[in-house]
Amino acid sequence: MKKDAGMKRVLSVASECVPLVKTGGLADVVGALPGALAGQGWDMRVLMPAYRALRARLADWPEVFVEENLFGGRGVVRAGAVEGVSVLLLDAPHLFDREGGPYNVGGADWPDNPQRFAALSWVAAKIARFGLGDGWRPQVLHAHDWQAGLAPAYLAFGGPRDVATVITIHNIAFQGWAPVQMLEALRLPQHEFHPASLEYYGGLSSLKAAMVTADKITTVSPSYAAELMRPEFGLGLQGLIEARAADVVGILNGVDEAVWNPEAEETPYSAKKPKGKAQARAALCAEYGLEVPGPLAIVVSRLTDQKGMDLLPEVLPDFIEAGGGLVLLGSGDPALEAAMQGLAERFPGRVGVTIGYDEALSHRMFAGADAVLVPSRFEPCGLTQMYGLRYGTVPVVAAVGGLADTVIHANPAALAQGVATGLTFTPTDAPAFAEALRRLVALHGDPKLWAQIVKRAMAQPVGWEASAAAYARLYESILR
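These notes cover the structure that comes with them. (Residues numbered from 1 in each chain as written. Predicted model: local features only at pLDDT ≥ 70, side-chain atom pairs only at ≥ 80, totals over all residues. Heavy atoms only, no water.)

To continue, consider the pairing of strand β13 (residues 216-219). Here is the key point about a regular strand: its side chains alternate between the two faces of the sheet. Neither face of β13 is left uncovered, since the one carrying K216 and T218 and the one carrying I217 and T219 both have all their residues buried. Direction of pairing for strand β9 (residues 164-169) relative to β13: parallel, over a ladder of four bridges. Looking across to β13, one finds that I167 is bridged to I217. Where β13 and strand β14 (residues 248-250) come together, three bridges link them in parallel fashion. Bridged to T219 within β14 is G250. (Buried < 20%, exposed > 50% of the residue type's maximum accessible area, 1.4 Å probe, protein only. Helix = DSSP H or I, 4+ residues; strand = E, 2+ residues; numbered from the N terminus. Pairing = 2+ DSSP bridges.)

Following the sequence through the fold, A432 ends up in helix α16 (residues 430-444). For A432, a relative accessible area of 14% translates into the label buried. C-alpha of A432 to C-alpha of A398: the two residues are 34 residues apart in sequence and 9.0 Å apart in space. Beyond its immediate chain neighbours, meaning those up to four positions away, A432 contacts F425, T426 and P427. (Contact = heavy atoms within 4.5 Å.)

Applying the stated criterion across every chain, the model contains 23 salt bridges. For D162, the salt bridge is made with R137, and the minimal N-O distance between the two is 2.5 Å. Of this pair, D162 sits in the loop between α4 (150-157) and β9 while R137 is found in the loop between α3 (113-130) and β8 (140-144), placing the two residues 25 residues apart along the sequence. Relative accessible area serves as the criterion here: at 41%, D162 is assigned to the partly exposed category. R137 sits in the partly exposed class, given a relative accessible area of 25%. Within this structure, R52, R55, D91, D97 and E99 form a network of salt bridges that share partners. (Salt bridge = Lys/Arg side-chain N within 4 Å of Asp/Glu carboxyl O.)

The step from V18 to P19 runs through a cis peptide bond, and the omega angle for that step is 15°. Note that P19 resides in the loop between β1 (8-13) and α1 (25-38). Cis geometry is found at the peptide bond from T426 to P427, where omega equals -5°. Checked against the element boundaries, P427 lands in the loop between β20 (423-425) and α16. With a phi angle near 60°, D145 is a residue other than glycine that sits in the positive phi range. Judged by its relative accessible area of 8%, D145 falls in the buried class.

Next up on the list: the packing of α16 against helix α17 (residues 447-459). Contact geometry for α16 and α17: axes closest at 7 Å, N-to-C directions at 110°. Considered as vectors, α16 and α17 are oriented roughly perpendicular to each other. In contact with L440, L443 and H444 of α16, α17 contributes P447, L449, W450 and I453. Partitioned by chemical class, the residues of the contact of α16 with α17 number six nonpolar, one polar and no charged. (Axes fitted to C-alpha atoms, helices over the stretch in contact; angles between N-to-C directions. Parallel < 35°, antiparallel > 145°, perpendicular 65-115°, else oblique. Nonpolar A, V, L, I, M, F, W, Y, C, P; charged D, E, K, R; others polar.)

Overall, parallel pairing links the six strands, which are arranged β17-β16-β15-β18-β19-β20 in an open sheet. Among the strands making up the open sheet, the edge pair consists of β17 (351-355) and β20. When the angles between neighbouring strand axes are averaged without regard to direction, this sheet yields 15°. Direction of pairing for strand β19 (residues 394-398) relative to β20: parallel, over a ladder of three bridges. Across the sheet, residue A398 finds its bridge partner in β20, namely F425. Relative to strand β15 (residues 296-303), helix α9 (residues 275-288) is tilted by about 65°, and along the sheet it contacts β15, β16 (325-332) and β17.

Next comes the structure, spelled out in structure tokens:
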């Protein structure tokens, strides 16, 4: 756990982190940032709950912080390292030692989620103010999403402080709402319950609490930062984002280029040696019993309307008729799961569907496909299209959020200049999506042009280097 004494210190607070717990892209970001920031001179430690599946790790980890009265029981923080990530696990069995997911069980949220994640935030603020038992104390507290949203608030309401704070909004749709009756139970000051502070439509929002009290607000792409000032994206918090626009910064996520690496797949390939991709395509088609004369597209996604999955049944028939094929991996809305399975039954030999998630299969899909479809109605950043770029699997994306920031549309000017990396479309509706798929078929039918797009896509920087440097500059700008 010891680091170079000359490094600056940041405490990252989150509900999940790769490789320990993952339900979405938040975990990937939280797990990647410490290593990326180490090269920028920052020692980052990640504080997260010790869920039941993680408690076995605690036996050999030293105790570095204790909170005797943590929302109904004792909480102990133990320090260790997992695959190079310095981790602080908050062991509070009364809050986290239970069956189910981090946030819910059987599809229903844990009723005490406000207290559970208030506890995580409370401990984070205490560590920021007083440090750990091993002498480590952060100069910056970096909270992620609503689960850590009360950490900047507890620090701000606790008196003078010398630790800077940042809240990153990964998805503003999840706001950490609680009824006003919980104000005292959550250890929040009554006098702060007003519209300019904690009050949120008659209740409380831990995300709003962070947005009001943190020194800086970051989002996971520049376009998403701008979108959040509009009602359809800000979801009730657009006014606050606009009021604090000078403190809002959009920083794109990156991907782990060691994990997502076409040269490390079963049939390795690269932009310079692309032959392996054709072999991977043949293997993927064989796996699903497909014969696809045109572009083979993939979808790796949660099956929700937000991800635009409801558009697929409408646009896919014409794409299939034009020679295309599809392999889909995902789960979510039962009605959408059934609809996807229905497509596979309707188009045997052209459509393959796997309901669920399989990391190894997702790698085979990106390696073997020609294109990846991401028709999201909103997408704060998105990693799927970045995997596509990395693998030369041309992204076809809705022009929203991070999708718009990372994919260069293959319009005539971009093609003439040799900079196109994919296809974008707007609005996110069936006619626009269908037109993008027609364009995909046309581009794929021109081998020389297609090879140019694939090569340019694979040259696009999608790692963490630039993003880590942006976070480091942000931290430096708010040091107290």
